[in-house]
Each structure stands twice: as C-alpha cells, then as structure tokens.
Amino acid sequence: PEALTVGELANRMAVRGGDVVKAMMKMGVMATINQTIDADTAELVIEEFGHRIKRVSETDVEDAIVPPQDVDADLKPRPAVVTVMGHVDHGKTSVLDALRKTEVVRGEAGGITQHIGAYQVTTDNGQKITFLDTPGHAAFTSMRSRGAKVTDIVVLVVAADDSVMPQTVEAIHHAQAAGAPIIIAVNKIDKPDADPSRVKQDLLQHNIVVEEMGGEQLVVEISALKGTNLDSLVETIVLQAELMDLKANPDRTANGTVIEAQLEQGRGAVATVLVQGGTLKVGDIFVSGATWGRVRALVDEHGARLDAAEPSRPVEVLGYQDAPSAGDDFIVVDSESRAREVAEVRARRMKNHLASQGGRGTLEQMLSAI
Ligand code: GTP
Ligand code: MG
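Note that the structure is a prediction, hence the values are computed from the model and not measured. Numbers given for residues are sequential positions, taken from 1 along each chain in its written order. Starting at A for chains and at 1 for ligands, labels are handed out in the order in which the entities are written. For a predicted model such as this one, the threshold for reporting local features is a pLDDT of at least 70, and the threshold for listing and counting side-chain atom pairs is 80 or more; totals across whole chains, interfaces and linings nevertheless cover every residue. Where side-chain values are given, they derive from all heavy atoms of the structure, hydrogens and water being excluded.

Q: Got a sec to walk through the confidence of the model for the chain? Specific residues and values, please.
A: One number per residue, pLDDT, summarises how confident the predictor is, and it ranges from 0 to 100. Residue-level pLDDT values for the chain average 85, and 83% of them are 70 or greater. Here residues 358-370 is a poorly scored stretch, pLDDT under 50, and it has 16 contacts once near neighbours within four places are set aside; other chains count. Model confidence for the complex: the whole-complex pTM is 0.78, and ipTM, which rates the interface, is 0.98. Whether two residues touch is decided by their heavy atoms; if any such pair falls within 4.5 Å, the residues are in contact.

Q: Give a detailed account of the packing of aromatic side chains, specifying residues and quantitative values.
A: In this scheme Phe, Tyr and Trp rings, the latter by its six-membered ring, pair at centre separations within 6.5 Å, and the angle between planes marks the pair as stacked below 30 degrees, edge-to-face above 60, and tilted otherwise. Under the counting rule described, the total for this entry stands at 3 aromatic pairs. Seen in terms of ring centroids, F286 and Y320 are 4.7 Å apart; in terms of plane orientation they differ by 65°. Their pairing is edge-to-face. Of the two residues, F286 is situated in strand β14 (residues 285-288) and Y320 in strand β18 (residues 314-320); the sequence distance between them amounts to 34 residues. The residues F286 and Y320 share a single accessibility class, namely buried. Ring pairing ties together the aromatic residues F286, Y320 and F330, which thus form one cluster. Strands here mean DSSP runs of E at least two residues long; helices mean DSSP runs of H or I at least four residues long; both are numbered from the N terminus. For every residue, the accessible area obtained with a 1.4 Å probe (protein chains only) is divided by the maximum for its type, and the residue is called buried under 20%, exposed over 50%, and partly exposed between those limits.

Q: Quick rundown of the pattern of salt bridges? Include the residues and the values.
A: For this analysis, a salt bridge means a side-chain nitrogen from Lys or Arg found within 4 Å of a carboxyl oxygen belonging to Asp or Glu. Across all of its chains, the model carries 15 salt bridges by this definition. Put simply, R78 and D152 hold a salt bridge, and the shortest N to O gap is 2.9 Å. Of this pair, R78 sits in the loop between β3 (76-77) and β4 (80-86) while D152 sits in the loop between α7 (138-145) and β7 (153-159); the two residues are 74 residues apart in sequence, bridging distant segments of the chain. Note on accessibility: R78 and D152 belong to one class, buried.

Q: Outline helix α1 (residues 6-13), listing residues and values.
A: Within α1 the residues assigned to the buried category are V6, G7, L9, A10 and M13. Looking straight down α1, one finds that the buried residues subtend no more than 160° of arc, so they occupy a single side. α1 presents N11 and R12 as exposed residues on the side facing more than 90 degrees away from its buried surface. Considering only its buried residues, α1 is in contact with β1 (4-5), α2 (17-26), β2 (36-37) and α3 (39-48). Positive backbone phi, approximately 60°, marks A14, located one or two places after α1. Directions are taken from the helix axis to each C-beta atom, and the arc is the one they span.

Q: How would you summarise the pairing of β14 if you had to cite specific residues and measurements?
A: What you see with β14 is no split at all: I285 and V287 on one side and F286 and S288 on the other are buried throughout. Here, any two strands with at least 2 DSSP bridges between them count as paired. Judged from the 4 bridges that link them, β14 and strand β15 (residues 291-299) form a sheet pairing that is antiparallel. What sits directly across from F286, in β15, is G293. Sheet topology places β14 next to strand β19 (residues 329-333); 3 bridges connect them, and they run antiparallel. Across the sheet, I285 pairs through a bridge with V333, a residue of β19.

Q: An account of the sheet that holds strand β5 (residues 118-122) is needed here, citing residue identities and associated values.
A: Ordered by their spatial adjacency, 6 strands build an open sheet running β5-β6-β4-β7-β8-β9, and the pairing between neighbours is mixed. Pairing within the sheet leaves two strands with one partner each, and these edge strands are β5 and β9 (218-221). Mean inter-strand twist for the sheet, computed between neighbouring axes without regard to direction, equals 25°. In terms of strand pairing, β5 meets strand β6 (residues 128-133) through 5 bridges, oriented antiparallel. In the strand pairing of β6, T122 is matched with K128. Where helices are involved, their axes are fitted lines through C-alpha atoms of the stretch in contact, as for all axes, and angles between N-to-C directions lie from 0 to 180°. Strands in contact with helix α8 (residues 166-178) are β4, β7 and β8 (182-187); relative to β7, the strand with the most contacts, it is inclined by about 170°. On top of the sheet, helix α10 (residues 230-244) reaches β4, β6, β7, β8 and β9; it is set at about 150° to β7, its chief contact.

Q: Give a description of the packing of α1 against α2 that names residues and reports values.
A: The interhelical angle for the contact between α1 and α2, taken along N-to-C directions, is 110°, at an axis separation of 8 Å. As judged from the angle between their axes, α1 and α2 are roughly perpendicular. Considering how the two elements wind past one another, α1 and α2 form a crossing that is right-handed. Side by side, α1 and α2 meet where V6, A10 and M13 of the first sit next to G17, V20, V21 and M24 of the second. Side-chain classes are defined by residue name, with Ala, Val, Leu, Ile, Met, Phe, Trp, Tyr, Cys and Pro counting as nonpolar, Asp, Glu, Lys and Arg as charged, and the others, Gly among them, as polar. A breakdown of the residues in the contact of α1 with α2 according to their chemical character gives 6 nonpolar, 1 polar and no charged. Here roughly perpendicular refers to angles of 65 to 115 degrees, roughly parallel to angles under 35, roughly antiparallel to angles over 145, and oblique to all remaining angles. In a left-handed crossing the near helix is turned counterclockwise from the far helix by less than a right angle, and in a right-handed crossing that turn is clockwise.

Q: Help me get a handle on the nonpolar core, residues and values and all.
A: By nonpolar core is meant a set of buried Ala, Val, Leu, Ile, Met, Phe, Trp, Tyr and Cys residues that side-chain atoms within 4.5 Å join together. Counting 25 residues, the largest nonpolar core has V82, I129, F131, V155, L233 and I237 as the members making the most contacts within it. Of all the secondary-structure elements, those providing two or more residues to this core are β4, α5 (92-100), β5, β6, β7, β8 and α10. The residues contacting F131, other than those within four sequence positions of it, are V82, V84, L96, L99, G117, A118, Y119, V121 and I237. Core analysis: the next-biggest nonpolar cluster, separate from the first, contains 18 residues, A160, V164, I184 and L203 among them.

Q: Give a description of the pairing of β9 that names residues and reports values.
A: With 4 bridges connecting them, β8 and β9 associate as parallel partners. Across the sheet, the residue bridging to A185 is V220, located in β9. When the strands point away from the viewer, a crossover counts as right-handed if the path from the first strand over the helix to the second runs clockwise. In the classification by handedness, the crossover that spans β8, the intervening helix α9 (residues 196-204) and the parallel β9 is right-handed.

This is how it looks when you write it as structure tokens:
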C-alpha cells in the first residue's frame, strides 16, 4: 500500500492505536488514528516499536515468486514435451490423433484446430511423451516472446503432396530460435501425388539436410491417415528425448506455463497448465499471470480427475479467480494473501502498461505485445 492510516499501522504491529499516536507525538508528529501517513513516517514509527521492516517494492513482490532453485541431486527424468507444428492442413492434428488413437479431428468444428490441445501419451514400452498441438504460430510466438519455454522437441509435419510451405519455414525458424531439435514428419505418403524426395530437396534450402543427403536431420515418412510408420516416429522422438536427458525436480511446489485458458459455463475460468517443475496438487494456491487461485480440481485429457500432476504433465486446472492467457506463468505460493498481493501488483502493472499504450486493445493483444 502507498499509504495507510495510523490505526491500520497499529493493527499490523498488533499494538493499540493510542500507543502509536503517543509514540508519534514523541517524534514530533501530531496525528489522529484515522489520519493517513506516508511510508517514510510509517517506517520511523515501526522502528520506534522495535520492529524491523523491509520495504517491499512492486518489483520485490514479483521477484519473490520465482520458482524454487533446484540442485542436480533433486532432478529426476521427466517426459519430453513435443510441439507438433507445420503448415495448415498438413496433418498436425491427424498425427496426434493417430498417436493417441482417438478421434479429435472429427470432433473439431470444420476440422480446423481451434485451440492448442495438450495430451500425454504412453508408448508401448511405457515411456510417456507430452504433445502440444498448435493452431498456428501466433500463440507459440507470443509464448516465446514472453520467455515461456515449453517445448523440448518440435515435430514438423510436412505434407508430401504439398511440400515446404510458408508456415513450414516459420516453424523451422521458431524451433531454431527456441533451440529445440526438429524431427521432420513427412506426412500423407499414402497420397498418389506424394513426393517425399521433393520435400527433402526443398528442406535443403532452409539448411535442413536429411541423413540420406549427408546431413543429420531426423526424418520419418508417415501416413497419419493409414497409420503408416507411426511407431518409428514415436521411436525417433524417444531416441531424441533420451539424448537430451530431460529432468526436473518433482519434489517441490509446482511451477509451469499456461498452454490455453478459457471461461467455461459451469466450470468458471479453466486453464490447461503444463507443469514444468514440482508436483501440482489439489488445494495448492497459485499465482498465474495477473490472476491467482486455489486448485479445486485437476483434470487430465480424458476428463479424469487427478490428485497431483508431475513435471511435463499437461493438466486442466480448475479454481482460477479469472482466466489467465496462454503463455502466462503458473507458480504455487504458500498463502492466499501472498497470491492476492502478487496478482494485484501484476494486474496494476498491466493496467499501467495498457494506459501507457493509449488504453486500447484487448488484454490478449496487450499480453502478446509484452
Ligand atoms: P490445421 O490444424 O487446420 O492447421 O490442420 P492440421 O495440420 O491439423 O491438419 P489435419 O490433421 O486437420 O488434416 C488436414 C486434412 O488432411 C484432413 O482432411 C486429414 O484427413 C488429411 N490428412 C491428414 N493426414 C493425412 C494422411 O496421412 N494421408 C491423407 N491422405 N490425408 C491426411
Ligand atoms: Mg490441426
């Protein structure tokens, strides 16, 4: 708070208001219980009462909630987080769909991905892989520009009948900028006009050289529709993940990143959060973007309730006060007052930022501009 009354100050120190008035008189300041005093005066009074204070600036408040630092000894293997990218209609959702052996494509309105789906699959030999489906590159760009690193590996889907397209090139740039290794999935090889060698040829122009051309680029030719070679795609992902030796500390309070969020009738603000460190539990209090909440329920991709979510698990979090935005952070804190405090500081800062930009635009636009 910028200013508080003598009475409030007394309350905070758990002393009588009258005693504070008296103490201030001794200091040469005449004040009544309801009078507002500034921070400097308050500091003097607090010291007079033998309390130590630390001025908490808004930056301090936010800095105080970085996730706990992990030491190597606490790190344990975690599943890889794989983002599936590629040009429109090249088959991203179909690939995921085939891997999950479910029916997402058919359920989507018009067959176009409206959101980022996030799912964890378990391979035949029990390895878990987390997949993120992207609707386009806007969300990914906004996440990356805000420093959220969510993906370990990029699977780049390129349709064999269409070859390298503008969004294929964009995805290559995103992956390279994020430092994420790429696995090329040449899809739709079942099509009569499929030409996988043209795809490989076209990729050369973007410095992607596949093995048979003397390079090191991992490439798998698949048909998501017919289920061809999906096992080797999974194998390639697992191999790549093993090389990366991915680890996190599951034995602490959780932190992560919001993958998507929306307001749902009857459920309130719901966010899909990728847990990146620690273990998230029902009942945990968290700050996320400029909002906060208490985990009321954790729901997995099958709609099943979970008690806890470990590193690399995407999970729906219920219990948000307000909907956050894709790319927002998620950090468990130890108390509701702390969560409120940090969320308020962030909301205020966001409002100021918005005001300084002329006060136009949606929250979403503003966030992606940060
Ligand atoms: P957006 O999310 O809209 O960018 O598309 P997407 O990349 O997720 O593509 P999606 O999986 O929706 O597939 C687009 C179309 O290609 C659909 O009609 C699929 O049935 C078809 N398709 C996907 N994979 C294959 C394949 O391996 N072979 C053939 N023949 N068709 C495929
Ligand atoms: Mg899709």
